[in-house]
Amino acid sequence: MSRRLLFLVLLAAAVILTGRVGEQYPWQVDLSAHGITSLSDSAKQAMDALNPRLEVTAITPDYPVQRAQLEQLLAPYLAHHSKPRFEFVDPVRAPDRARELGAERHGELQLRSGDRLEVIAEPDAASIDLALNRLALHGERWIVSLQGNGEHRLDDSPGGIAHLIQHVERLGYRIVPVDPRHVDSLPANTAVLLVAGPRQAYPEHSLQLIRRYLADGGSLLWLAGEDLPAWLANELGVEILPGNLVDAVAATHGLDEPDNAIVSDYPAELLPRAPRRHSVFKGARALSLHENGGDWQLQGRLSSSPRSWNETGELRGRIARNPELDERAGPLDVALALQKTGADRQRLVLVGGSQFVTNDHLGQGDNLALAVGLLRWLSDDAQLGPTRVAGDLDIDWSPRLAAVLAMGLMGVLPALYLATGLWLRYRRRRA
């Protein structure tokens, strides 16, 4: 009797201790292909960067099914080591509390970190990841785009960059157009200054404005248009090679026009989470960096394929490289990333073309991921990875696996049930 009692006491203690250990050290395995029950890398990095910790509030009536679905969606986020605080607020039973939170609709999700707030009207994993990235950005991030000298317009036209703007604004940045001819300084919270393919030379006043911004520790993304200002080329030791970049590899990606440069190698120092596919630079020009012993140090470069060169002739008919016309064999630099010596934030990315960010070319290859990666490096937010893309929940298995599962369900499993029943009958007859 004493042994049985001791066994029951030890069993109860083991169950209780197992439960307590499970609460303190949760462990789960996600076997789904899309990682639907796990945090994305982007969400993990954003939650690691949040200070103070995340507070999650669900404005939901006391509907058990709806609340259970929301708890299942939020489970990976709430299991993060930062231990986010979570609460349900019933707008029917506690209308004063819902008004205090500024709730506008049933079912919305509020994410708060300190004074920063993100509201998600229809929660899903992709929208939560984007909201976390916006919360994790350092302060209010403005990307100032210079306008008035033939730069790409901020609209939906084929040569505009509205699609890029819409995407980066969902990530928490704000695009602000500024005409440098009418201001004496840039906004103090400018994270990145964007010069998007100017077709006209900047007047001296505008150039001084850009130089002062850089001297004060700013970051600049210069997408070259017709030419570079002399002071920028001399200070960086950069030369634009004559002609346009052509790349024979472009044909393997279904691009018939010759003036497409293909970039498929991304430096980890510049893009810690590099795009998975190639990027397409149409109408780009090659850059040549000279060792001038200046204050700017090279941090990374994007180069075309070895089958490229800078074509100085007409892009019609059969073309080939002519070394006598200073047409250099690839790989050639398409973009250069530099940082001022001894500075943490004074960064500059110079790209030999601007069409890769326009509405009609942003969807080619991984141009969008590259553009966002460059902006994040310049704004010192490179630790925030790419956000999860919402997709369909599908089951994808090979024909062999499907055949094995079918045989198991229709043959092996019924045979196992039959064998178990016969064995139990045999045991009972012997007993």
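A quick note: this is a predicted structure, and the numbers were derived from the prediction, not measured.

Chemist: How should the overall build of the chain be read in this particular structure?
Modeler: Across its full length, the chain holds ten helices and 17 strands. Counting all 431 residues of the chain, 43% fall into the buried class. Considering only intrachain contacts with a sequence separation of at least 6, the fraction spanning at least 24 residues in the chain is 71%.

Chemist: Would you take a moment to explain unusual backbone geometry for this structure?
Modeler: In terms of backbone geometry, most residues other than glycine have negative phi values and most peptide bonds are trans. Here the residue pair N51 and P52 is connected by a cis peptide bond, since its omega of 5 degrees sits within 30 degrees of zero. Along the chain, P52 falls in the loop between α2 (41-49) and β1 (55-59). Despite not being glycine, K83 shows a phi value in the positive range, around 55 degrees. With respect to the secondary-structure elements, K83 resides in the loop between α3 (64-78) and β2 (85-89). On the accessibility criterion, K83 (53% relative accessible area) is exposed. Unusually for a residue other than glycine, D326 sits at a positive phi of about 60 degrees.

Chemist: Which parts of the structure should I look at to understand a nonpolar patch on the surface?
Modeler: Where nonpolar side chains cluster on the molecular surface, the patch consists of L409, M410, L413, L416 and Y417 and spans about 580 Å² of accessible area. One can find L416 in helix α10 (residues 399-430).

Chemist: Looking at this structure, how should I read the pattern of salt bridges?
Modeler: When their charged atoms lie close together, side chains carrying opposite charge are able to pair. Scanning the entire structure with this criterion turns up 15 salt bridges. For D62, the salt bridge goes to R67, with nearest N and O atoms at 3.9 Å. Since its relative accessible area comes to 16%, R67 is described here as buried. Residue D333 is joined to R301 by a salt bridge in which the shortest nitrogen-to-oxygen separation is 2.9 Å. Of this pair, D333 sits in strand β16 (residues 333-340) while R301 sits in strand β14 (residues 296-303), and the two are 32 residues apart along the sequence. For D333, a relative accessible area of 10% corresponds to the buried category. Sharing partners across several salt bridges, the network here consists of D62, R67, D90 and R93.

Chemist: Would you mind going over empty space enclosed by the protein with me for this structure?
Modeler: Which parts of space are left empty comes out when a probe the size of a water molecule is rolled across the atoms. Taken as a whole, this structure holds one cavity of 30 Å³ or more when the rule is applied. Estimated volume of the largest cavity: approximately 50 Å³. Lining the largest cavity are I143, I161, L164, I165, V168, I175, L194 and L375. For the lining of the largest cavity, the leading source of residues is helix α6 (residues 162-170), giving three residues. Tallied by class, the residues present in the lining of the largest cavity amount to eight nonpolar, no polar and no charged.

Chemist: So what exactly am I meant to see when it comes to the packing of α3 against helix α5 (residues 125-136) here?
Modeler: When two helices pack together, their arrangement is captured by the angle between the axes and the distance separating the axes. Contact geometry for α3 and α5: axes closest at 11 Å, N-to-C directions at 35 degrees. Where α3 crosses over α5, the handedness of that crossing is right-handed. Contacts from L73, L74 and Y77 of α3 reach α5 at A125, I128, D129 and L132. A breakdown of the residues in the contact of α3 with α5 according to their chemical character gives six nonpolar, no polar and one charged.

Chemist: Could you clarify how one ought to interpret the packing of aromatic side chains in this entry?
Modeler: By convention here, two paired aromatic rings are described through the distance between centres and the angle between planes. Enumeration over the complete set of coordinates arrives at three aromatic pairs. Centre to centre, the rings of F86 and F88 are 4.8 Å apart; their planes meet at 75 degrees, and the pair counts as edge-to-face. Pairing F281 with F356 gives two aromatic rings, centres 4.6 Å apart and planes at 35 degrees, and the pair type is tilted. Of this pair, F281 sits in strand β12 (residues 279-282) while F356 sits in the loop between β17 (347-351) and α9 (367-378), and the two are 75 residues apart along the sequence. As far as the burial class goes, F281 and F356 line up, both buried. Seen from the ring of W377, R347 lies directly overhead, with NZ or CZ sitting 4.6 Å from the centre.

Chemist: Just checking my understanding: could you explain the sheet that holds β2 for this structure?
Modeler: By definition, the strands of a sheet pair up through backbone hydrogen bonds, in either a parallel or an antiparallel sense. In spatial order, the strands read β2-β1-β3-β4; together these four strands make up an open sheet with mixed pairing. In this open sheet, the two edge strands, each paired with only one partner strand, are β2 and β4 (116-120). If you compare each strand with its neighbour and ignore which way they point, the axes differ by 15 degrees on average. Judged from the five bridges that link them, strand β3 (residues 109-113) and β4 form a sheet pairing that is antiparallel. Each bridged residue has a counterpart across the sheet, and for L111 the counterpart in β4 is E118. Sitting on the sheet, α3 touches β1, β2 and β3, and the angle it makes with β2 is about 165 degrees. Across the sheet, α5 touches β3 and β4, and the angle it forms with β4 is around 165 degrees.

Chemist: Please clarify how the confidence of the model for the chain should be interpreted in this entry.
Modeler: One rule of thumb: low pLDDT means the predicted coordinates there are not for detailed reading. For the chain, per-residue confidence averages 83 on the pLDDT scale, and 90% of positions sit at 70 or higher. In the predicted structure, residues 389-394 sits below a pLDDT of 50 and forms five contacts with residues beyond four places in sequence or in another chain.

Chemist: Could you clarify how one ought to interpret α2 in this entry?
Modeler: Residues spaced three or four apart along an α-helix face the same direction, because each turn holds 3.6 residues. Of the positions making up α2, those classed as buried are S42, A43, Q45, A46 and M47. Close packing links the buried residues of α2 with α3 and α5.

Cut-offs and rules
Once a new chain begins, its residue numbering starts again from 1 and follows that chain's sequence as written. The predicted origin of the model limits local features to residues at a pLDDT of at least 70 and limits the giving and counting of side-chain atom pairs to 80 or more, whereas totals for whole chains, interfaces and linings rest on all residues. Side-chain numbers come from the whole structure's heavy atoms, not from hydrogens or water. Numbering goes from the N terminus for both helices and strands, where a helix is a DSSP run of H or I of at least four residues and a strand is a run of E of at least two. The cut-offs for exposure are 20% and 50% of the maximum accessible area for each residue type, with area from a 1.4 Å probe on protein chains only; residues under the lower value are buried, those over the upper are exposed, and the others partly exposed. Here, residues are in contact when the closest pair of their heavy atoms is within 4.5 Å. Candidate patch residues must exceed 30% relative accessible area and have no salt bridge, after which like charges are joined if within 9 Å and Val, Leu, Ile, Met, Phe, Trp or Tyr side chains if within 5 Å. To be clear on the numbers: accessible area is Shrake-Rupley with a 1.4 Å probe, and residue cover counts the displayed protein chains and nothing else. Here, a salt bridge means any side-chain nitrogen of Lys or Arg that lies within 4 Å of a carboxyl oxygen of Asp or Glu. Put simply, the grid is 1 Å and covers the protein atoms alone, a cavity is a trapped set of points that fit a 1.4 Å probe, a pocket is an open set with protein on both sides within 12 Å along at least five of seven lines, and lining residues have an atom within 4 Å of a point. Grid points are joined across faces, edges and corners, and a volume is the space filled by probe spheres set on the points. All residues other than Ala, Val, Leu, Ile, Met, Phe, Trp, Tyr, Cys, Pro, Asp, Glu, Lys and Arg, Gly among them, are scored as polar; the first ten of these are nonpolar and the last four charged. Working convention: axes come from line fits to C-alpha atoms, limited for helices to the stretch in contact. Angles between N-to-C directions cover 0 to 180 degrees. Each crossing is labelled by how the near helix is turned from the far one, with a counterclockwise turn of less than a right angle marking it left-handed and a clockwise turn marking it right-handed. Each aromatic pair joins two rings of Phe, Tyr and Trp (for Trp, the six-membered one) with centres within 6.5 Å, and gets the label stacked for planes under 30 degrees apart, edge-to-face for over 60, and tilted for any other angle. Charge over a ring is defined by NZ of Lys or CZ of Arg lying within 6 Å of the ring centre and within 35 degrees of the ring normal. Strands pair, by our definition, only if DSSP identifies at least two bridges between them. Per residue, pLDDT measures the predictor's confidence, with a range of 0 to 100.

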